[in-house]
Amino acid sequence: MRPINLLPPEVAQERGRRRRVAIAVFAAFAYVFLLGVGVLYWNGRVDAARDDLDAQTSINQSLEREVTELGNTADVRTQYEAKAELVRGALAIDVDWGILLNDLARLLPPRVWVETFNGTVSAESIPGVIGQVSFSGVGFDFPDVSAWLRALDSDQFAGITGPWVSTVSQGIIGVDGVVTFSSTAVLTTGAATDRADTLIPEVP
Amino acid sequence: MRRVAIFVLLGVLLATAAWWFFLISPRNASIADLQDETFVAVDTEQRLRVQIRQLQDIRDREVEYIAAVGQLDALIPDRPLLEDFIEQVYALANDTGVELQTLSPSVPAASTDGSELREIAVSGQIEGEFFEILGFLFGLSDMERLVRVDSVALSASTEEDGTTVLSASIEMRLFTLADLLPIVAPTTGEETDGETTNTTAAEPGPGANPEVEP
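This is a predicted model, so every value here is computed, not measured. (Residues numbered from 1 in each chain as written. Chains lettered and ligands numbered in written order. Predicted model: local features only at pLDDT ≥ 70, side-chain atom pairs only at ≥ 80, totals over all residues. Heavy atoms only, no water.)

Here the focus is a negative patch on the surface. Residues and elements named next belong to chain A. Residues Asp47, Asp51, Asp52 and Asp54 make up a contiguous surface patch of negative charge. Along the chain, Asp52 falls in helix α1 (residues 9-70). Take Asp52: its relative accessible area is 48%, and that puts it in the partly exposed class. (Patch = residues over 30% accessible without salt bridge, like charges linked within 9 Å, V, L, I, M, F, W, Y side chains within 5 Å. Areas by Shrake-Rupley, 256 points an atom, 1.4 Å probe, with all protein chains shown as cover. Salt bridge = Lys/Arg side-chain N within 4 Å of Asp/Glu carboxyl O. Lys, Arg positive; Asp, Glu negative; His and termini not counted. Charge placed at Lys NZ, Arg CZ, Asp CG, Glu CD. Helix = DSSP H or I, 4+ residues; strand = E, 2+ residues; numbered from the N terminus. Buried < 20%, exposed > 50% of the residue type's maximum accessible area, 1.4 Å probe, protein only.)

A contiguous nonpolar surface patch, about 530 Å² in accessible area, is contributed by B:Ile6, B:Phe7, B:Leu9, B:Leu10 and B:Leu13. Since its relative accessible area comes to 45%, B:Leu10 is described here as partly exposed.

A separate point is the interface of chain B and chain A. The interface is formed by 63 residues belonging to chain B together with 57 residues belonging to chain A. Interface of chain B and chain A: buried area, both sides summed, is about 5,400 Å²; carbon and sulfur atoms make up 71% of it. Summed over the three residues of chain B that lose the most area to chain A, namely B:Tyr65, B:Leu72 and B:Arg148, the buried surface amounts to 12% of that side. The tally of links between chain B and chain A comes to 1 salt bridge. At the surface where chain B touches chain A, the tally comes to 19 residue pairs in polar contact (both at pLDDT 80 or more). Among the elements that take part in the side of chain B that touches chain A, helix α1 (residues 2-60) of chain B stands out by supplying 26 residues, more than any other. Its residues assigned to classes, the side of chain B that touches chain A shows 38 nonpolar, 12 polar and 13 charged. Where strand β1 (residues 112-121) of chain A meets strand β4 (residues 147-158) of chain B, 5 bridges bridge the pair, whose relative direction is antiparallel. Paired with A:Phe117 across the strands is B:Leu154, a residue of β4(B). (Contact = heavy atoms within 4.5 Å. Buried area = accessible area lost by both parts, 1.4 Å probe. Polar contact = N/O pair within 3.5 Å; in protein donor to acceptor, adjacent residues only side chain to side chain. Nonpolar A, V, L, I, M, F, W, Y, C, P; charged D, E, K, R; others polar. Pairing = 2+ DSSP bridges.)

In this section: the environment of B:Asp43. Turning to its location among the elements, B:Asp43 is positioned in helix α1. Taking the C-alpha atoms as reference points, B:Asp43 and B:Ile120, separated by 77 residues in sequence, lie 49 Å from one another.

Here we take up helix α2 (residues 62-75) of chain B. For α2(B), with 14 residues, the first-to-last C-alpha span of 20 Å sits near the 20 Å given by 1.5 Å per residue. Buried residues belonging to α2(B) abut α2 (73-90) and α5 (195-199) of chain A together with α1 and β5 (164-176) of chain B. (Expected span 1.5 Å × (residues − 1).)

Here the focus is the pattern of salt bridges. A full pass over the atoms with the stated rule returns 14 salt bridges over all chains. Between B:Asp73 and A:Lys83 there is a salt bridge, with its nearest N and O atoms 2.7 Å apart. Linking B:Asp73 in helix α2 with A:Lys83 in helix α2, this pair reaches from one chain into another. You can call A:Lys83 buried: its relative accessible area is 14%. Residues A:Arg106 and A:Asp103 are paired through a salt bridge, measuring 3.0 Å at the closest nitrogen-oxygen approach. Placement of the pair is A:Arg106 and A:Asp103 together in helix α3 (residues 97-107), with a separation of 3 residues, close to one helical turn.

Here it is in structure tokens:
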């Protein structure tokens, strides 16, 4: 059965207006509440980020204390590295003359002998050149001097390059005719040793 | 009614925007800053952990490092120890069969490379056969003390009995960390002919004897 409302229509309008106002007030409170919840949520995120940072800072402080406690042990390594560096500096451009002279004796042509040898290490003014050697020698004839130059310039003699003969002159030893010559060459980095690497004890 | 709804909607949008810009954005900025600082701190933690591992490794190998430093000290001693060197060279000459004729050590001088090294230039004259001299040169390289040979001059001569003998002139360098004598630094402001004396390179080394006066 259909309900019959005998109240004047103004009453119904007033009720409707009150209901809308109530809804609006409720919505406004809900809206402000949501904004407040949002602020609280973001405050929580800030606090969480700050806690993370504090925790990380605490870990780092603990590790720094450990580093400080272990700091003295690094001194011995620093000392080792400093002394090793001194040895490397002292052996910069070091030539193993024993090996050089041994190679020279091994590669000497059969009809040539050396009477004087002079070798000097000097500062590396030209890249790859670390010194100079000079010889005076004797051969039986001029081709022997050529053989001497070829021997010095051969690949087997890595430490010497640029051989040159400045004078060759005929002479006599006893009853045999000979040629005497003066020769020079430069020492290359091939003659340098790696003695520093050998002498510096390796600590794995 | 519709106009009111539009105004309300606009008001809500404005309030939300204000809420975002005035309340949330500063917090987001703080979070970003804190996260950046945390990332930096995490990097620092990694670096510290690597450093600790290295230091622990050094601590575990401390004995080996001390032994190595001892060997390096023997190569370049704190004091000139010329007496030991002369004995060692004499023994080497006897072992290799060469005749040690002269040995001329100079006093320690500062290294030209600007390091704390002091160099002792030594000239030596020996005589012997080729392989004896070779043995002597190899022996110098193998000495417990660091000896570097800068120059070798050989000349052959024939003895009365017909044997060939080589005479070798060797320029060597030893190294140490101390001057022989302490260098007395001039008093502050001392000048000679209007020029201030520079004593920077003439400071005594760690092993110099302070009681010996020149």
